[in-house]
Amino acid sequence: MKHLIIYAHPSENSFSNRLNQALVHESVQRGWEVEMRDLYALNFDPVLGADDLAQLKSGSTPISIHTEQKFIREADVISFVYPLWWAGFPAIMKGYIDRVLAHGFAFKADANGVKGLLKEKRVYLYTSMGNSLEQYEQKGLLEAFRKTQGGEIFEFCGMEVVDQQFFPQIPVASEDKIQFHIDQALTGFESATRIASTKSA
Ligand SMILES: Cc1cc2nc3c(=O)[nH]c(=O)nc-3n(C[C@H](O)[C@H](O)[C@H](O)COP(=O)(O)O)c2cc1C
C-alpha cells in the first residue's frame with residue numbers, strides 16, 4: 001500500500017502538523033510506503049500560469065507538475081491535511097490542485113463528455129477549522145464543503161473520496177481535545193481503510 005500525504009500548513013506548532021505527523025507515523029506502523037509532500041517546505045509554486053497552460057496544451061508537462069503527478073500515479077491512498085481558510089483550501093493547496101490535476105492526467109474532456117482518469121485511488125480529507133460544526137451545519141456548509149473540496153474535484157477525476165473529517169474550534173481546543181481529535185482521525189482512517197481494502201479485494 002502506498003500512502004501519499006499532501007500537507008499544507010506553514011507553522012510547525014499547528015494542529016495540522018501534529019495530525020500530519022500522526023498520519024505519517026500510523027502509515028509507517030502499518031508497513032505502508034509513505035510519501036509526504038509538505039507544500040510550504042517544498043516552496044511549491046501554486047500559480048497555474050500562462051507557460052504551464054501553453055506547455056500542457058502542446059502535450060508536454062512542466063517538470064514541477066510532472067514530479068507531483070508521479071507521486072499521485074503511484075499512490076493507492078491520498079490524504080490531504082490542511083486548515084480551512086476562508087471556507088476553502090489554503091492558496092498553496094488550491095494551486096497544487098489547479099496545477100497537478102491537469103487535463104490529460106487527471107481527467108479527459110472531449111465531445112463524448114468528461115472522464116476521470118485516476119481510478120482506484122482513495123482520498124481522505126482532514127480539515128481543521130476555527131468555527132464549530134453546528135455553525136456550519138446550520139448553514140448547510142459542511143455538505144457544501146464535502147462537495148466543493150471533495151466530490152467536485154477528486155470524484156470528478158475518478159477517485160473515491162472515502163472520508164472528510166472536520167476538526168472544529170481548534171484555536172480554542174484544550175490539549176485533551178486536540179489529542180481526542182487526533183485519535184479520532186486515526187480511528188476513522190483505520191476503519192475506512194479496512195472497509196476500502198475489503199471492497200477492493
Ligand atoms: C487566513 C485564515 C482564514 C480562515 N478562515 C476560516 C474559515 O473560513 N472558517 C473557519 O472555521 N476557520 C477559519 N480560519 C481558522 C483556521 O481554520 C484555524 O485556525 C485552523 O484550522 C486551526 O488549525 P491549525 O492549528 O492547523 O492552523 C481561518 C484562519 C486563517 C489564518
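The preceding data block contains the structure.
Computed from a prediction, not measured in an experiment: that's the story for all the values here.

K.L.:
Report on the site of the ligand, specifying residues and quantitative values.
P.N.:
Close to the ligand lie 16 residues, the nearest being His 9, Ser 16, Leu 84, Ser 128 and Tyr 136. Leu 84 has a polar backbone atom sitting 2.7 Å from an oxygen atom of the ligand. A distance of 3.1 Å separates a nitrogen atom of the ligand from a polar backbone atom of Gly 130. For the ligand, the accessible surface in isolation is 630 Å², of which the surrounding protein chains cover 72%. Of the residues assigned to the shell around the ligand, the class counts are ten nonpolar, six polar and no charged.

K.L.:
Quick rundown of the pattern of salt bridges? Include the residues and the values.
P.N.:
One pass over the structure, following the stated rule, counts seven salt bridges. Residue Glu 175 is joined to Arg 18 by a salt bridge in which the shortest nitrogen-to-oxygen separation is 3.0 Å. Highlighted residues: Glu 175 in helix α7 (residues 175–200) and Arg 18 in helix α1 (residues 15–29), separated in sequence by 157 residues. Taking relative accessible area as the criterion, Glu 175 reaches 47% and is therefore assigned partly exposed. Exposure remark for Arg 18: the relative accessible area of 33% places this residue in the partly exposed category.

K.L.:
Can you tell me about the nonpolar core, naming the residues and giving the values?
P.N.:
Residues Ile 72, Phe 80, Met 93, Tyr 96, Leu 101 and Phe 154 are the most contacted members of the largest nonpolar core, which totals 29 residues. Listed by contribution, the elements that provide at least two residues to this core are β1 (2–7), α3 (63–74), β3 (77–83), α4 (91–100), β6 (122–128) and α6 (141–155). Top contributing element to this core by residue count: α4, with five residues. If we skip the residues at most four places from it in the chain, Leu 101 touches Ile 72, Tyr 96, Ala 106, Phe 107, Leu 118, Ile 153, Phe 154, Cys 157 and Met 159. Among the nonpolar cores identified, the runner-up in size contains 18 residues, and Leu 19, Ala 22, Ile 182 and Phe 189 belong to it.

Cut-offs and rules
- Residues numbered from 1 in each chain as written.
- Predicted model: local features only at pLDDT ≥ 70, side-chain atom pairs only at ≥ 80, totals over all residues.
- Heavy atoms only, no water.
- Near = heavy atom within 4 Å.
- Polar contact = N/O pair within 3.5 Å; in protein donor to acceptor, adjacent residues only side chain to side chain.
- Areas by Shrake-Rupley, 256 points an atom, 1.4 Å probe, with all protein chains shown as cover.
- Nonpolar A, V, L, I, M, F, W, Y, C, P; charged D, E, K, R; others polar.
- Salt bridge = Lys/Arg side-chain N within 4 Å of Asp/Glu carboxyl O.
- Helix = DSSP H or I, 4+ residues; strand = E, 2+ residues; numbered from the N terminus.
- Buried < 20%, exposed > 50% of the residue type's maximum accessible area, 1.4 Å probe, protein only.
- Core = buried A, V, L, I, M, F, W, Y, C linked by side-chain atoms within 4.5 Å.
- Contact = heavy atoms within 4.5 Å.

Functional significance is not addressed by these values, which are geometric in nature.
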